[in-house]
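Tertiary structure, described
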Amino acid sequence: MSKKIIILNGSPRKAGNTSALVNAFIEGAEKKGHIVNEFFLDAMNIHGCKGCFGGGKNPESPCAQKDDMDKIYPVYKGADIVVLATPLYYWSISGQLKCAFDRLFAVAECDANYRNPVKDCALLMAAEGNGFEETLYWYDRLEKHIGWKSIGKVLCGGVMDIGDIEGNPKLKEAYDLGWSI
């Protein structure tokens, strides 16, 4: 049975190493028959969460702010799997991904008990080095807190410049993760 997958790509580089991981994942998932929607967040008009608790009043456009998140919300709500893709920036996720992810709280506000939609999730990351610990700490606790289940993580260190990832076995790992769904 085909799954609906949303990818929130927090890289600022459309042809960068994180995007290469995303493309490999998409190739595997689509070959298996899944429906994949990728959002390249850096090219979108998304504002930071205001913490206003004003969301949840309109399930079709749950946030009080009106911007490109309205393109993401329906796909997110209908997705079975959420893939978070990001380069490692200062030992954490990119600002682009953090900004968009924070805004998903408006969907939880649609529930009287602030429950998030239950999803499977995956993490794709590229980095100059290999210091993924802080991001893994965040990701693992996020997953537990909002009731998601991780189906995998692909962490590719040692890829600083665009194209450094070419030939890296982590691309096959990303492809295999997409295929395994």
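The coordinates are above.
Report follows, based on the coordinates.

Rules of the game
- Residues numbered from 1 in each chain as written.
- Predicted model: local features only at pLDDT ≥ 70, side-chain atom pairs only at ≥ 80, totals over all residues.
- Heavy atoms only, no water.
- Helix = DSSP H or I, 4+ residues; strand = E, 2+ residues; numbered from the N terminus.
- Buried < 20%, exposed > 50% of the residue type's maximum accessible area, 1.4 Å probe, protein only.
- Lys, Arg positive; Asp, Glu negative; His and termini not counted.
- Charge placed at Lys NZ, Arg CZ, Asp CG, Glu CD.
- Pairing = 2+ DSSP bridges.
- Polar contact = N/O pair within 3.5 Å; in protein donor to acceptor, adjacent residues only side chain to side chain.
- 1 Å grid on protein atoms, 1.4 Å probe; cavity = no way out; pocket = protein on both sides within 12 Å on 5 of 7 lines; lining within 4 Å.
- Points joined across faces, edges and corners; volume = space filled by probe spheres on them.
- Nonpolar A, V, L, I, M, F, W, Y, C, P; charged D, E, K, R; others polar.
- Core = buried A, V, L, I, M, F, W, Y, C linked by side-chain atoms within 4.5 Å.
- Contact = heavy atoms within 4.5 Å.

Remarks on the overall build of the protein
- The helix and strand tally for the protein stands at six helices and five strands.
- The linear arrangement of helices and strands in the protein, starting from the amino end, is β-α-β-α-β-α-α-β-α-β-α.
- Over its C-alpha atoms, taken along the principal directions, the protein stretches across nearly 50 × 40 × 30 Å.
- Counting the 181 residues in the protein, one finds 49% classified as buried.
- A distance of 6 Å separates the average location of the 21 positive side-chain charges in the protein from that of its 23 negative side-chain charges.

Describing the pairing of strand β3 (residues 81-87)
- By the criterion of burial, β3 is predominantly enclosed, with seven of the seven residues buried.
- When β3 meets strand β4 (residues 120-126), the two strands line up parallel, connected through seven bridges. Looking at the pairing, Val82 lines up with Cys121 of β4.

As for the side chain of Arg103
- Along the polypeptide, Arg103 turns up in helix α3 (residues 95-103).
- At 2.8 Å, the side chain of Arg103 forms a polar contact with the side chain of Asp67.

Description of the layout of surface pockets
- The computed volume of the largest pocket comes to approximately 380 Å³.
- Considering the residues around the largest pocket, the lining is formed by 19 residues, among which Pro87, Leu88, Tyr89, Ala127 and Glu128 are closest to the centre.
- By residue class, the composition of the lining of the largest pocket is ten nonpolar, seven polar and two charged.
- Each pocket or cavity is described by its volume, and for the second largest pocket that value is around 280 Å³.
- For the second largest pocket, the lining is made up of 13 residues, of which Phe101, Phe105, Asn116, Leu142 and Ile146 are closest to its centre.
- Broken down by element, the lining of the second largest pocket gets its largest block of residues, four residues, from helix α5 (residues 133-146).

Let's talk about the nonpolar core
- Ranked by size, the top nonpolar core spans 33 residues in total, and within it Leu8, Leu41, Ile72 and Leu84 carry the most contacts.
- When contributions to this core are tallied by element, the ones reaching two or more residues are β1 (4-9), α2 (69-78), β3, α3, α4 (105-108), β4 and α5.
- When sequence neighbours within four positions are dropped, the list of residues in contact with Leu84 reads Leu8, Leu97, Phe101, Ala122, Leu123, Leu124, Trp138, Tyr139 and Leu142.
- Core analysis: the second largest hydrophobic core is formed by 22 residues, Ala29, Ala85, Val159 and Ile181 among them.

A closer look at the environment of Phe39
- Tracing the backbone through its elements, the reader meets Phe39 in strand β2 (residues 35-40).
- Judged by relative accessible area, Phe39 falls into the buried class, the value being 12%.
- Once the C-alpha coordinates of Phe39 and Asn168 are considered, the two residues, 129 residues apart in sequence, prove to be 24 Å apart.

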